Amino acid sequence: MKTLKVLSSAIILSGLFMFLSCSGSDSESEPKSEECTKTCSTGFLLNTDTCECEEEVCTKTCDGNFILNVDTCECEEFIASVIEVDASVVTLAEDWKKRTDIAGYTGEGYIVWEGPGQTWKGTIGEVGKLTYTIDVPRAGTYLFQWRSYIAKKADKDPWAEHNDTWLKFPDADNFFAKRDENTIYPKGSGKSPNPAGENGNGFFKVYMNNVDKWSMVSSTSDNNAHQIYATFNEAKKYTVEIAARSDFHAIDSFKLTEQKP
């Protein structure tokens, strides 16, 4: 009887071992998950771990006068947008006059302030303010320049008199001036540092020093000339304000030239 029991136990254990062995074999023979075969559209890369298409990050660098188009990840030639305005096409205020006496003007004529000078701090931008609307075609930073003339020569230092007017971009996203790596902001803008000379209320004094000719020189900061810029974060309409400062400073036109990003 003992022999029979031992034999029966051995048979049961052997069957159990075979069952477990078969179970392991079945598990190992299960088919593996299929590899991801998804195809991604241009500008996207396949993440093989998640089998999802993810946006491709462009790291290309462009040289010379080329800029990166982030949508296509291609280098494209930079062609600057230029905004040009005839200064005489505006509703004139107070002692601003439209004239055609000085030869070489463009458009319909030029404007000149024939009232008293407005250099006192308390009147900055409050007297003889003209408002222009410009349509910015592309977001970016633009260099400001106007074409102006000293319409009345002083007996002493004619290059330093009748040569400046106040300027403001009230709704630009940034309004500043640069010389090399130095950046300045108009007094009253809430930003610093500010330029040398008498400025305020968010206006820059914009001057030139050329006599007997129309000039595109448009500088701010006395004895340390900085060029003037405005940054626009959206392509839309913006406002430009000009206000009287020197008497007999004539302005023919102004333009804004987009800078390479």
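Our subject is the structure listed above.
Residues numbered from 1 in each chain as written. Predicted model: local features only at pLDDT ≥ 70, side-chain atom pairs only at ≥ 80, totals over all residues. Heavy atoms only, no water.

Enquirer: Please set out the overall build of the protein chain residue by residue, giving values where relevant.
Expert: What the protein chain contains, in helices and strands, is one helix and 17 strands. For the protein chain, the proportion of its 261 residues judged to be buried stands at 35%. Sequence separation of at least 24 residues holds for 67% of the intrachain contacts in the protein chain that already meet a minimum separation of 6. Carbon and sulfur atoms form 50% of the exposed surface of the protein chain, whose accessible area is close to 15,600 Å². (Helix = DSSP H or I, 4+ residues; strand = E, 2+ residues; numbered from the N terminus. Buried < 20%, exposed > 50% of the residue type's maximum accessible area, 1.4 Å probe, protein only. Contact = heavy atoms within 4.5 Å. Areas by Shrake-Rupley, 256 points an atom, 1.4 Å probe, with all protein chains shown as cover.)

Enquirer: Explain the pattern of salt bridges to me, and be specific about the residues and the numbers.
Expert: Using the criterion set out here, one finds 11 salt bridges in the structure. Linking Lys-237 and Asp-135 is a salt bridge whose minimum nitrogen-to-oxygen distance equals 3.6 Å. Of the two residues, Lys-237 is situated in strand β16 (residues 237-243) and Asp-135 in strand β8 (residues 129-135); the sequence distance between them amounts to 102 residues. For the salt bridge of Lys-205 with Asp-222, the shortest nitrogen-to-oxygen distance reads 2.7 Å. Taken together, the residues span a long stretch of sequence, with Lys-205 in strand β13 (residues 204-207) and Asp-222 in the loop between β14 (219-220) and β15 (226-232) at a distance of 17 residues. Under the relative-accessibility criterion, Lys-205 is labelled buried at 8%. The class for Asp-222 is partly exposed, based on a relative accessible area of 26%. (Salt bridge = Lys/Arg side-chain N within 4 Å of Asp/Glu carboxyl O.)

Enquirer: Give me the lowdown on the state of the cysteines, citing residues and values where you can.
Expert: As enumerated under the stated definition, the model contains four disulfides in all. With a sulfur-sulfur separation of 2.1 Å, Cys-40 is cross-linked through a disulfide to Cys-53. Across the S-S bond linking Cys-40 and Cys-53, the dihedral sits near -90°, which makes this disulfide left-handed. Of this pair, Cys-40 sits in the loop between α1 (2-28) and β1 (44-47) while Cys-53 sits in strand β2 (residues 52-55), and the two are 13 residues apart along the sequence. Should the bonded cysteines of the protein chain be numbered as they appear in the sequence, the pairing reads 1-3, 2-4, 5-7, 6-8. (Disulfide = S-S within 2.5 Å.)

Enquirer: Which residues make up the nonpolar core, and what are the values?
Expert: One finds Tyr-132, Ile-134, Leu-167, Phe-169, Phe-232, Phe-254 and Leu-256 to be the most contacted residues of the largest nonpolar core, which totals 33 residues. For Leu-167, the contacting residues outside a window of four places in its chain are Phe-144, Trp-146, Phe-175, Gly-202, Phe-203, Phe-204, Val-206, Ile-228, Val-240, Glu-241 and Ile-242. Counting residues in each nonpolar core, the second largest holds six residues, with Ile-102, Val-112, Tyr-149 and Trp-214 among its members. (Core = buried A, V, L, I, M, F, W, Y, C linked by side-chain atoms within 4.5 Å.)

Enquirer: I'd like to hear about the layout of surface pockets, residue by residue, with values.
Expert: Approximately 260 Å³ is the volume attributed to the largest pocket. What lines the largest pocket is a set of 16 residues, and nearest its centre among them are Ala-160, Asn-163, Asp-164, Lys-205 and Asp-222. The residue inventory of the lining of the largest pocket, partitioned by class, reads three nonpolar, seven polar and six charged. (1 Å grid on protein atoms, 1.4 Å probe; cavity = no way out; pocket = protein on both sides within 12 Å on 5 of 7 lines; lining within 4 Å. Points joined across faces, edges and corners; volume = space filled by probe spheres on them. Nonpolar A, V, L, I, M, F, W, Y, C, P; charged D, E, K, R; others polar.)

Enquirer: Kindly report on the pairing of strand β4 (residues 74-77), identifying the contributing residues and their values.
Expert: Pairing between strand β3 (residues 66-69) and β4: four bridges, direction antiparallel. In the strand pairing of β4, Ile-67 is matched with Glu-76. Taking the residues between adjacent antiparallel strands as the criterion, β3 and β4 are bridged by four residues, where Cys-73 takes a positive phi near 60°. (Pairing = 2+ DSSP bridges.)

Everything listed here is a matter of coordinates, which is why it stays silent on function.
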